[in-house]
Amino acid sequence: MLTSGYQPGKKGQDNTTFGIKKQNELDKSFFSMHNARMSYAAQFTLSSGTTRFVRSYAKINLTLDVLERRIDGYHELSTVMQTVDLYDTLCLTTTDDGSVRIICTRPELNGADNLAARAAQALRERLALSQGVVIELQKRIPMAAGLGGGSSNAAAVLLALQQEWQLPLSSTDLLTIATELGSDVPFFLSGGLALCEGRGERITPLAAHWPRNMRWLLLVKPAISVSTAAVFRSLPTSDYTDGTHSRAISAALQAKKEFHLEDLHNGLERGVLARYPEVAQARKELLLAGATFVQLSGSGPTLFAPFSELVRATQVQQYLHERGYETYLTRAIHPTVENVSFY
Ligand code: C5P
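Here's a quick rundown of the structure. (Residues numbered from 1 in each chain as written. Predicted model: local features only at pLDDT ≥ 70, side-chain atom pairs only at ≥ 80, totals over all residues. Heavy atoms only, no water.)

1. Remarks on the nonpolar core
Okay, so step 1: Leu-90, Leu-92, Ile-135, Val-157, Leu-158, Leu-161 and Val-185 are the most contacted members of the largest nonpolar core, which has 37 residues in total.
Okay, so step 2: For this core, the secondary-structure elements that each account for two or more residues are strand S4 (75–95), strand S5 (100–104), helix H3 (115–126), strand S6 (132–138), helix H4 (149–164), helix H5 (171–181), helix H6 (185–190) and strand S7 (193–198).
Okay, so step 3: Of the residues forming this core, the biggest block, eight residues, is contributed by H4.
Okay, so step 4: Not counting chain neighbours up to four residues away, the residues in contact with Leu-90 comprise Arg-52, Phe-53, Val-54, Ser-56, Ala-116, Ile-135, Glu-136, Leu-137, Asn-153, Ala-156 and Val-157. (Core = buried A, V, L, I, M, F, W, Y, C linked by side-chain atoms within 4.5 Å. Buried < 20%, exposed > 50% of the residue type's maximum accessible area, 1.4 Å probe, protein only. Helix = DSSP H or I, 4+ residues; strand = E, 2+ residues; numbered from the N terminus. Contact = heavy atoms within 4.5 Å.)

As structure tokens, this is what we get:
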């Protein structure tokens, strides 16, 4: 993944040097683990004694249909999500002091309300466990960005601790705990490509087929954070749909049929573009730079632009980077199969 980091006051400077050496070492051992096919959790984590490293991937929404507002205040959704190879790294160390501690590269995330810490705590409470855990979290996925970073961290903790602590939890138990933590958490228990319905907890995995014209996914994050709750709260009913877009894209992907990028849809996009001029401006810049299609991921503010050719994707990334945007050039990844390439 090619990254360009936005830093206020340091326009155009790269911020990817944090822990690069350590990360390279981790990557080397991680990839050597992938020489053999392994079970899902073993592919996803690298264990050594009571310390376990976990990768936790970001997602984009290819489609997001908002069907209706439910009586519990949530919205009924139909959304097609895909994990991409932008990831956070977690290091979980089991302790015997019965506490859950989190140490994050972003100090504002060092708290018991961090979704990763809440995931560990939920397991401890549900099974009355005595062991504790220290969670070291190296953030790369932008926060409150529509990329599911926090939800992905939580799912990674659930999977890793279930394996590390040999917990007697069925996949239904895990799904229940994941749903209680957040609407996107269930998707990240499996990742890859899936249709997610209900609040987001009804997951239908889709065949691992990925269109050529989306081989490269450029993510562009305007320098603002967006509250998902605020976006849903202000959504007019005129932006509700009947699920047509998600159904059509799921069917095309399953049948390995081509579809037009214009068939993708995000029901939250119109409202976000109207409310946040920074997002509308980023969209304009992407199109100006040569992207043929741009769409909001989740509740934003991150936009994604698909490309078939790496050279074109890199040119557009450079253009946006020079204008001070945080950008990530990624590809779709299916973390449950070998970690190299599946599409
Ligand atoms: O479930 P999660 O805590 O991630 O959701 C964040 C907010 O997004 C919720 O408080 C709710 O306002 C909104 N939301 C929704 N319908 C969904 C998912 C999220 O209204 N299906």
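More follows now that the structure is in view.
2. What about the pairing of strand S3 (residues 51–69)?
Okay, so step 1: In terms of residue burial, S3 counts as a mostly covered element, since 14 of its 19 residues are buried.
Okay, so step 2: Note: S3 against S4, 17 bridges, orientation antiparallel. Its bridge partner lying in S4, Glu-68 is registered against Glu-76.
Okay, so step 3: Counting the residues that bridge the hairpin from S3 to S4 gives five residues, and of these Gly-73 lies at a positive phi of roughly 95°.
Okay, so step 4: Strand direction decides the pairing type here: S3 and strand S10 (residues 265–266), joined by two bridges, are parallel. (Pairing = 2+ DSSP bridges.)

3. Observations concerning the site of the ligand
Okay, so step 1: The environment of the ligand is made up of Gly-73, Tyr-74, His-75, Leu-77, Gly-182, Ser-183, Arg-199, Thr-228, Ala-229 and Phe-232.
Okay, so step 2: His-75 is positioned with one of its side-chain polar atoms (N or O) 2.8 Å from an oxygen atom of the ligand.
Okay, so step 3: In this structure, a nitrogen atom belonging to the ligand sits 3.0 Å away from a main-chain N or O atom of Arg-199.
Okay, so step 4: Considering the ligand on its own, with 450 Å² of exposed area, one finds that the protein chains cover 72% of that surface.
Okay, so step 5: Those elements giving two or more residues to the shell around the ligand turn out to be S4 and helix H7 (228–233).
Okay, so step 6: Ranked by the residues each element gives to the shell around the ligand, the list is headed by H7, at three residues. (Near = heavy atom within 4 Å. Polar contact = N/O pair within 3.5 Å; in protein donor to acceptor, adjacent residues only side chain to side chain. Areas by Shrake-Rupley, 256 points an atom, 1.4 Å probe, with all protein chains shown as cover.)

4. Examining the environment of Leu-181
Okay, so step 1: Within the secondary structure layout, Leu-181 lies in helix H5.
Okay, so step 2: We classify Leu-181 as buried; its relative accessible area is 10%.
Okay, so step 3: Distance in space between the C-alpha atoms of Leu-181 and Ala-119 is 7.0 Å, their sequence separation being 62 residues.

5. Describing unusual backbone geometry
Okay, so step 1: With omega at 10°, the peptide bond leading from Gly-300 into Pro-301 counts as cis.
Okay, so step 2: Tracing the chain through its elements places Pro-301 in the loop between strand S11 (295–296) and strand S12 (303–307).
Okay, so step 3: Positive phi, normally seen in glycine, also occurs at Ala-144, with a value near 45°.
Okay, so step 4: As for its position among the elements, Ala-144 is in the loop between S6 and H4.

6. Points about the pattern of salt bridges
Note that side chains of opposite charge can pair when their charged atoms are close.
Okay, so step 1: Within this structure, the stated rule accounts for ten salt bridges.
Okay, so step 2: A salt bridge links Glu-164 to Arg-52, with the shortest nitrogen-to-oxygen separation between them at 2.7 Å. Here Glu-164, found in helix H4, pairs with Arg-52, found in strand S3; they are 112 residues apart in sequence, far enough to count as distant. Take Glu-164 and Arg-52: they sit in the same class, and that class is buried.
Okay, so step 3: The partner of Asp-88 in a salt bridge is Lys-139, and the shortest N-O contact between them spans 2.6 Å. Linking Asp-88 in strand S4 with Lys-139 in the loop between S6 and H4, this pair joins segments that are 51 residues apart in sequence.
Okay, so step 4: Within the structure, one salt-bridge network assembled from shared partners comprises Arg-70, Asp-72 and Glu-76. (Salt bridge = Lys/Arg side-chain N within 4 Å of Asp/Glu carboxyl O.)

7. Let's talk about the pairing of S6
Okay, so step 1: In terms of burial, S6 is largely enclosed, as six of its seven residues are buried.
Okay, so step 2: Note that S4 and S6 share seven bridges and pair antiparallel. Within the sheet, the bridge partner assigned to Thr-95 lies in S6 and is Gly-132.
Okay, so step 3: For S5 and S6, the ladder comprises five bridges, and the chain directions are parallel. Residue pairing in the sheet places Ile-102 in a bridge with Ile-135 of S6.
Okay, so step 4: Handedness of the crossover is the feature at issue here: the chain leaves S5, passes through H3, returns alongside S6, and the resulting connection is left-handed. (Right-handed = clockwise from strand over helix to strand, strands pointing away.)

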